[in-house]
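# Structural overview
Single-letter residue listing:
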Amino acid sequence: MSDVDISGNLRKVFRGGVDHCVDLAEKYGGAVRLTSLFADAIYLSDPLAFYHVLVKEQHSFEEPDVFIMSNKAMFGEGLISTIGEKHHGEQHRKQRKLLNPVFSTSNMRELLPTLQSIAHKLTSVLVAKLPDDGSYKEIDVLPWLSRSALDGVCQAILGYPSNSLEAAENDEYTEALRMMGPLISRTMYFRPYVPMVVRNLSPYWSRKFVDFITAPWMPTETMREVREMRRIIEIMDSGSKKAFAEKKADLETTALSSADAEPEVGDLKPSRRKDMMDIMLRANSASSSSERLADAELLGQMNVMVFAGLDTTTSALSRCVYLLAKNPHAQARLRSEIRDAVGSASVAKDDSLISEHENLLLSLSYDTLMNLPFLDGVVRETLRLYPSLPLMSRRATKATTLPLQFPVRSSSGAEVSAIPIPEKSFVIISILAANRNRTIWGDDANEWKPERWLSSPAGPGAEVLFDGAEVLPSKSSAPVLGVKDGIRYPGVYSNMMTFQAGSRSCIGFKFAEMEMKEIIATLMLRLHFALPTDADSNGHIKEIEWRLRGFHIPVVKPPAGDGITPRVPLNVRLVQEDDFIW
Ligand code: HEM
């Protein structure tokens, strides 16, 4: 396998930015050994190696202990805390079995109206900020997209009546959910201690330990954040318990008053399919007692879904709006496609026409929304080039050999097509490098080209699920995007790795895709976005830069910005007649 002999190059993967992560794979191939003072890791982007780590040999490559145990401490028994050790593997399988149908396309259809109303609220909030004369205003769109994603998970997933788009302040529970992701990033250094505490102390003494380290007299900034984290977890926990108890009571009342008291999974009355928790609770009560999940597990799913679905979706949405602002032609093309789908030939110019448009958009069915070719290309291409979670890690539970699709050179210069993986070694899954592999995606793999998806014979919206075969049988001679000479990545979404592969792949990808499409379509029809153009008092124009720090963080580059605070300032105005290309 290729070696890079610079001490500490492991750290650079997490600090060096997108270009470094991509260059590493381009220069050294799909398996690169990286070193640091404390640990080595294999940086992977080879398709066959991914298949082995994430699908075929997934039990030999577990999530690190730190990840599982701290998730359990924070969220309870949800999906991302029930993987890992053997007996947890079984619990995870059981949870996925119940939850997979909950995320079915037919259930997504039922959730769309909730997202439509959020998308319309977002648009109205932004429109209300604009000058009446049609000129543009610079707006930082990041907090608004983040609030939409927050309302999305609260309302469509939890059935919790949040209103972060309109309320001046979030209620305590919604605010705790919002704070969770940022606080987890800020207290990352604390995570390695969690397994030590959980393994060595009884629940009673674990609690005493946490009481001790979060005592108010602990003066440091570090402890202030851990204390805040504990406060947020407690609010989230009691809020989720309360919302869950209400949902359960509501479900029991409905069941008692309903003629068909025995609902079946995927066969709920449309009027009852209001949110994911509803669907989940009904699926659970309809399943056999051996497959049924305990209340604690259902509760854990609530917390996990919010955590897993919030910052990931915000990141993807804000990148998408930014890219459209940067690419006016793609924006105009997308807007024209949406207008045609809405079925109106003219642009909304006054309020009565605007509300007509809104109603028309509201009636855009799930199938129409999900099959708009260019919208589909915009969303897929954004998710391919800028996956919200660019790097994931796994730890080998036993020594094994990893086959490679594309041979690499070992440090002795020999070409090898399999690499030894010692027990306990770390593997970095570079989703980023895989999604930009030129051999698979072509020489323009690093470019954002939504139109590349239009020529795929799989067609927009069509999913080819990985069937476990290492090469795709070539049924057709026409090229399929993301498949080269029958070789492809094992990802669950369009041959890319953004939502990962195997039984731990993202369960919420259909929801995320639908939410992105709904919000982008609604925004595009009413609003025009462009990069900032106004110079500040020193003559500097804001330039947005995306920094890779685990997540992609958009900041305004110095000297016009501080280079730290997450922001996406864009020039926003109402759509005009020449903002269409046909
Ligand atoms: C653009 C948005 C999203 C991206 C890029 C994304 C990506 C991912 C990835 C890469 C994983 C695998 C993590 C790992 O291997 O450790 C994952 C897992 C997961 N995602 Fe997503 N996700 C997104 C949105 C969502 C949404 C909206 C939900 C909930 C509705 C969700 C729920 C989950 C859950 C529960 C898991 C854990 C699955 C398991 O362990 O069985 N995600 N996601």
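To keep things clear, this report deals only with the structure shown in the data block.

Rules used in this analysis
- Residues numbered from 1 in each chain as written.
- Predicted model: local features only at pLDDT ≥ 70, side-chain atom pairs only at ≥ 80, totals over all residues.
- Heavy atoms only, no water.
- Helix = DSSP H or I, 4+ residues; strand = E, 2+ residues; numbered from the N terminus.
- Buried < 20%, exposed > 50% of the residue type's maximum accessible area, 1.4 Å probe, protein only.
- Contact = heavy atoms within 4.5 Å.
- Areas by Shrake-Rupley, 256 points an atom, 1.4 Å probe, with all protein chains shown as cover.
- Polar contact = N/O pair within 3.5 Å; in protein donor to acceptor, adjacent residues only side chain to side chain.
- Axes fitted to C-alpha atoms, helices over the stretch in contact; angles between N-to-C directions.
- Left-handed = near helix turned anticlockwise from the far one by under 90°.
- Nonpolar A, V, L, I, M, F, W, Y, C, P; charged D, E, K, R; others polar.
- Pairing = 2+ DSSP bridges.
- Donors = N, O, S within 2.8 Å, 3.2 Å for Na, K, Ca; no water.
- Expected span 1.5 Å × (residues − 1).
- Near = heavy atom within 4 Å.
- Core = buried A, V, L, I, M, F, W, Y, C linked by side-chain atoms within 4.5 Å.
- Parallel < 35°, antiparallel > 145°, perpendicular 65-115°, else oblique.
- Phe/Tyr/Trp six-rings, centres within 6.5 Å; stacked < 30°, edge-to-face > 60°.
- Lys NZ or Arg CZ within 6 Å of the ring centre and 35° of its normal.

### Describing the overall build of the protein
- Scanning the protein from N- to C-terminus turns up 20 helices and 15 strands.
- With 582 residues in all, the protein has 53% of them scored as buried.
- Sequence-distant contacts in the protein: of pairs separated by 6 or more residues, those separated by 24 or more amount to 72%.
- Put simply, the protein shows about 25300 Å² of open surface, and 55% of that area lies on carbon and sulfur atoms.

### Description of the environment of Thr314
- As for its placement among the helices and strands, Thr314 is situated in helix H13 (residues 295–326).
- In sequence terms Thr314 and Met516 are 202 residues apart; their C-alpha atoms lie 9.1 Å from each other.
- Those residues in contact with Thr314 that lie beyond four places of it in its chain are Leu142, Leu145, Ser146 and Ala149.
- Looking at Thr314, its side chain comes within polar contact range of the main-chain oxygen of Leu310, at 2.9 Å.

### Details of the packing of helix H7 (residues 142–158) against helix H8 (residues 172–186)
- Contact geometry for H7 and H8: axes closest at 10 Å, N-to-C directions at 115°. Crossing hand, H7 versus H8: right-handed. For the pair H7 and H8, the contacting residues are Leu150, Cys154 and Leu158 in the first and Tyr173, Thr174, Leu177 and Arg178 in the second.
- When the residues that make up the contact of H7 with H8 are grouped by side-chain class, the tally is five nonpolar, one polar and one charged.

### What to know about the pairing of strand E6 (residues 391–396)
- When strand E4 (residues 61–62) meets E6, the two strands line up antiparallel, connected through two bridges. Looking across to E6, one finds that Phe61 is bridged to Ala396.
- Relative to strand E9 (residues 426–430), E6 runs antiparallel, the two sharing five bridges. Considered in E9, the bridge of Leu391 is made with Ser430.

### Points about the sheet that holds strand E15 (residues 569–574)
- Judged by pairing direction, the sheet is antiparallel, and its three strands sit side by side in the order E5-E15-E12 without closing on themselves. One side of each edge strand has no neighbouring strand; the edge strands of this open sheet are strand E5 (137–140) and strand E12 (527–530). With strand direction ignored, the average angle separating the axes of adjacent strands in the sheet is 40°.
- Sheet topology note: the E12/E15 ladder contains four bridges and is antiparallel. In the strand pairing of E15, Ala530 is matched with Asn571.

### A few points about the coordination of the iron atom of the ligand
- Only one protein atom coordinates the iron atom of the ligand: Cys506 (SG), located 2.3 Å from the metal.
- Relative to the elements of secondary structure, Cys506 occurs in the loop between strand E11 (487–488) and helix H20 (509–526).

### Notes on H7
- When the terminal C-alpha atoms of H7 are compared, their 23 Å separation across 17 residues agrees well with the 24 Å that a helix rising 1.5 Å per residue should span.
- In terms of burial, H7 is a largely internal element, 14 of the 17 residues being buried.
- Downstream of H7 by a residue or two, Gly159 has a phi angle that is positive, lying close to 70°.

### Some points on the site of the ligand
- Inspection of the region around the ligand gives 30 residues, with Glu63, His92, Arg96, Gln500 and Cys506 positioned closest.
- A distance of 2.9 Å is found between an oxygen atom of the ligand and a side-chain nitrogen or oxygen belonging to Arg394.
- Counting only elements with at least two residues in the shell around the ligand, the list comes to helix H5 (86–99), H13, E6 and H20.
- At seven residues, H13 tops the list of elements feeding residues into the shell around the ligand.
- Looking at the shell around the ligand residue by residue, the classes come out as 16 nonpolar, ten polar and four charged.

### With respect to unusual backbone geometry
- In this structure, Pro559 follows Pro558 across a cis peptide bond, with omega equal to 5°.
- Tracing the sequence through the fold places Pro559 in the loop between strand E14 (551–556) and E15.
- Even without glycine at this site, Lys424 takes up a positive phi of about 70°.
- As for its position among the elements, Lys424 is in the loop between strand E8 (415–421) and E9.
- You will see that Asn495, though not glycine, has its phi angle at about 60°, which is positive.
- Its location among the elements puts Asn495 in the loop between E11 and H20.

### Some thoughts on the environment of Phe307
- The topology assignment puts Phe307 in helix H13.
- Distance from Phe307 to Phe75, taken between C-alpha atoms, is 8.8 Å for residues 232 residues apart in sequence.
- Excluding residues that lie within four positions of it along the chain, Phe307 makes contacts with Phe75, Ile80, Gly181 and Ile184.

### Focus: the nonpolar core
- Leu44 and Phe529 are the most contacted members of the largest nonpolar core, which totals 138 residues.
- By residue number, the principal contributor to this core is H13, which donates 15 residues.
- If we ignore the near neighbours within four places in the chain, the residues touching Phe529 are Val141, Val321, Ala325, Gln331, Leu523, Met524, Leu570, Asn571 and Val572.
- Counting residues in hydrophobic clusters, the runner-up holds 16 residues, among them Val32, Ala41, Tyr43 and Leu391.

### Things to note about helix H14 (residues 328–342)
- End to end, H14 covers 21 Å across 15 residues, agreeing with the expected 21 Å (1.5 Å per residue, within 8%).
- Of the residues making up H14, those classed as buried are Ala330, Gln331, Ala332, Leu334, Arg335, Ser336, Glu337, Ile338, Arg339 and Val342.
- Positioned one or two residues after H14, Gly343 has a phi angle of 90°, which is positive.

### Brief notes about the packing of helix H6 (residues 105–128) against H7
- Packing of H6 against H7 leaves a shortest axis separation of 10 Å and a crossing angle of 155°. In terms of orientation, H6 and H7 fall into the roughly antiparallel class. Once H6 is placed against H7, the crossing between them reads as right-handed. Side by side, H6 and H7 meet where Leu111, Thr114, Leu115, Ile118, Leu122, Val125 and Leu126 of the first sit next to Trp144, Leu145, Ser148, Asp151, Gly152, Gln155 and Ala156 of the second.
- When its residues are assigned to classes, the contact of H6 with H7 shows nine nonpolar, four polar and one charged.

### Considering the side chain of Thr382
- Assignment of secondary structure puts Thr382 in helix H17 (residues 373–385).
- Leaving out residues up to four positions away in the same chain, Thr382 has contacts with Ala316, Arg319, Cys320, Leu323, Pro387 and Trp448.

### Side note on the packing of aromatic side chains
- Here the structure, examined in full by the defined rule, presents eight aromatic pairs.
- Following the ring pairs from residue to residue traces out a cluster consisting of Tyr493, Phe499 and Phe509.
- Positioned over the ring face of Trp453 is Arg380, at 6.0 Å from the centre of the ring.
- One residue, Arg436, lies across the ring of Tyr386, its end atom 5.4 Å from the ring centre.

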